[in-house]
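Each chain, letter by letter, is given below.
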Amino acid sequence: MEEEILKIKKEAVQQITAATAAELESLHIKFLGRKSLLAQLTARLRELPPAQKPLIGRLINETKRTIEQMLEEKSGALAKAEGEEFDLTLPALPQACGSLHPLTLVAEEIEEVFKNLGFVVAEGDEIEDEDHNFSALNIPLEHPSRDMFDTFYLEEGLHKKETQGRLLLRSHTSPAQIRVMRNLRPPLAVLVPGRVYRPDAVDATHSFMFHQIEGFAVDRDLRFSDLKGVLINFARKLFTAETQLRFRPSFFPFTEPSAEVDISCIICKGKGCTVCKGNGWLEVLGCGMIHPRVLQACGIDSKKWQGYAFGMGVERIAMLKFGIDDIRLFYNNHKKFLEQFNAF
Ligand code: PHE
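Report on the accompanying structure. (Residues numbered from 1 in each chain as written. Predicted model: local features only at pLDDT ≥ 70, side-chain atom pairs only at ≥ 80, totals over all residues. Heavy atoms only, no water.)

With respect to the pattern of salt bridges
Here's step 1: What the rule picks out here adds up to 15 salt bridges.
Here's step 2: Across the pair Glu-4 and Arg-44 runs a salt bridge whose closest N-O atoms are separated by 3.9 Å. Of this pair, Glu-4 sits in helix H1 (residues 2-18) while Arg-44 sits in helix H3 (residues 37-44), placing them 40 residues apart in sequence.
Here's step 3: Asp-262 is the partner of Arg-246 in a salt bridge, and the nearest nitrogen-oxygen pair spans 2.9 Å. Placement of Arg-246 in strand E6 (residues 245-252) and of Asp-262 in strand E7 (residues 255-264) is noted, with a sequence separation of 16 residues between them. (Salt bridge = Lys/Arg side-chain N within 4 Å of Asp/Glu carboxyl O. Helix = DSSP H or I, 4+ residues; strand = E, 2+ residues; numbered from the N terminus.)

Laid out in structure tokens, this is it:
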């Protein structure tokens, strides 16, 4: 039996010395497992004459320990060798690194232009009540201009105590004017970016959810010419220094007078092309002088203070800036589309 044990030991030494990391596990099972030759010899110990039992028993145990130790040392040595093969000087694997969404990029650029004029950025609430979204903005309950805004109402149970009217997803960022003006006193110059919701069917230029940036200022002696100056500066900073603006008289219940603003087509420079549908101008925002009733609804004396306000669609501006012809591209998360903005 002694000889058999020595033979096993010799074999183990040879095989473990030559083993690779992947083979160590099976060698462990082969030499030390429940069905190993050593285990079988241990079972046969009782057949031996009593005088030999302790001697052979000890030999088996020692052999087991030696093999165990060798396996451990070998596995340590292999791990170390592998570590040494690690080459610190190899160039790193390229990491896929995300980039900002084009709408974020454009919104941040717009914010930057106005921050440079002293505007501060505030956030409104995406869930609004009818008072902020309509009534305080001089849009009474039965006013027809509610129709195109009539939007997503929330369930009754969600009403908070301080809520006035039903809760809904805001249809524009203008309710943020009310929130700011009821909480801060003029002079004010504030920019409010955020999501808005409208019951519009989705197509290449419409979405039930899109982004707006609201801007407004309240001060003494503010005039329409201040508004024009601020918007001309914005258009020329965001597009080109040659960009022209056209103010068309319009109507919003919360501004008086009101205007819609077009920029000279940045594609054809006003000559007429498919983007501007041949007329040389592109509509980009709505604006006007804040209606005295809106100031009054916020407890601001409209005899002492005047204000102007404007609201623009971020998607619209981003589409013009980047030459994007389908609004849906902003929302469907196609990597190929989004990756193009890495460089901006
Ligand atoms: N809230 C208006 C809209 O969503 C835009 C606007 C904002 C007009 C501020 C005038 C002043 O269409």
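Structure's up, so let's keep going.
Observations regarding the site of the ligand
Here's step 1: Around the ligand lies a shell of 13 residues, among which His-172, Ser-174, Arg-198, Gln-212 and Glu-214 are the nearest.
Here's step 2: Take Ser-174: an N or O atom from its side chain is 2.9 Å from a nitrogen atom of the ligand.
Here's step 3: In this structure, Gln-212 approaches the ligand through a side-chain N or O atom, which is 2.9 Å from an oxygen atom.
Here's step 4: Contact with the protein chains covers 94% of the free accessible surface of the ligand, which is 330 Å².
Here's step 5: At the level of elements, strand E5 (209-219), strand E8 (281-290) and strand E9 (306-313) are the ones that each hand at least two residues to the shell around the ligand.
Here's step 6: Among the elements that take part in the shell around the ligand, E9 stands out by supplying three residues, more than any other.
Here's step 7: Of the residues that constitute the shell around the ligand, the class distribution is five nonpolar, six polar and two charged. (Near = heavy atom within 4 Å. Polar contact = N/O pair within 3.5 Å; in protein donor to acceptor, adjacent residues only side chain to side chain. Areas by Shrake-Rupley, 256 points an atom, 1.4 Å probe, with all protein chains shown as cover. Nonpolar A, V, L, I, M, F, W, Y, C, P; charged D, E, K, R; others polar.)

Regarding the sheet that holds E8
Here's step 1: As summarised here, the arrangement of the seven strands in space is E1-E4-E5-E9-E8-E7-E6, forming an open sheet in which the pairing is mixed. Both outer strands of the open sheet, strand E1 (120-121) and E6, are each paired with one neighbouring strand and no more.
Here's step 2: Pairing geometry for E7 and E8, over eight bridges, is antiparallel. Residue pairing across strands places Thr-255 opposite Ile-290, the latter belonging to E8.
Here's step 3: Along the sheet, helix H5 (residues 102-115) makes contact with E1, strand E4 (188-197), E5 and E9, crossing E4 at roughly 165°.
Here's step 4: Set on the sheet, helix H8 (residues 224-238) makes contact with E6, E7, E8 and E9; between it and E9 the angle comes to about 30°. (Pairing = 2+ DSSP bridges. Contact = heavy atoms within 4.5 Å. Axes fitted to C-alpha atoms, helices over the stretch in contact; angles between N-to-C directions.)

A word on the packing of aromatic side chains
Here's step 1: Taken as a whole and assessed by the stated rule, the structure comprises nine aromatic pairs.
Here's step 2: Summarising the aromatic geometry, the rings of Phe-114 and Phe-234 are spaced 5.6 Å apart at their centres and angled 25° between planes, so their arrangement reads as stacked. Placement of Phe-114 in helix H5 and of Phe-234 in helix H8 is noted, with a sequence separation of 120 residues between them.
Here's step 3: For Phe-114, a relative accessible area of 0% puts it in the buried group.
Here's step 4: Accessibility expressed as a relative area gives 2% for Phe-234, which makes it buried.
Here's step 5: Cluster of aromatic residues (ring-pair linked, three or more members): Phe-322, Phe-330, Tyr-331, Phe-337 and Phe-341.
Here's step 6: Note that Arg-166 overlies the ring of Tyr-153, its terminal NZ or CZ placed 3.9 Å from the centroid.
Here's step 7: Just above the ring of Phe-247 sits the side chain of Lys-228; from NZ or CZ to the centre is 5.3 Å. (Phe/Tyr/Trp six-rings, centres within 6.5 Å; stacked < 30°, edge-to-face > 60°. Buried < 20%, exposed > 50% of the residue type's maximum accessible area, 1.4 Å probe, protein only. Lys NZ or Arg CZ within 6 Å of the ring centre and 35° of its normal.)

Function-wise, these values are silent; they only describe arrangement.
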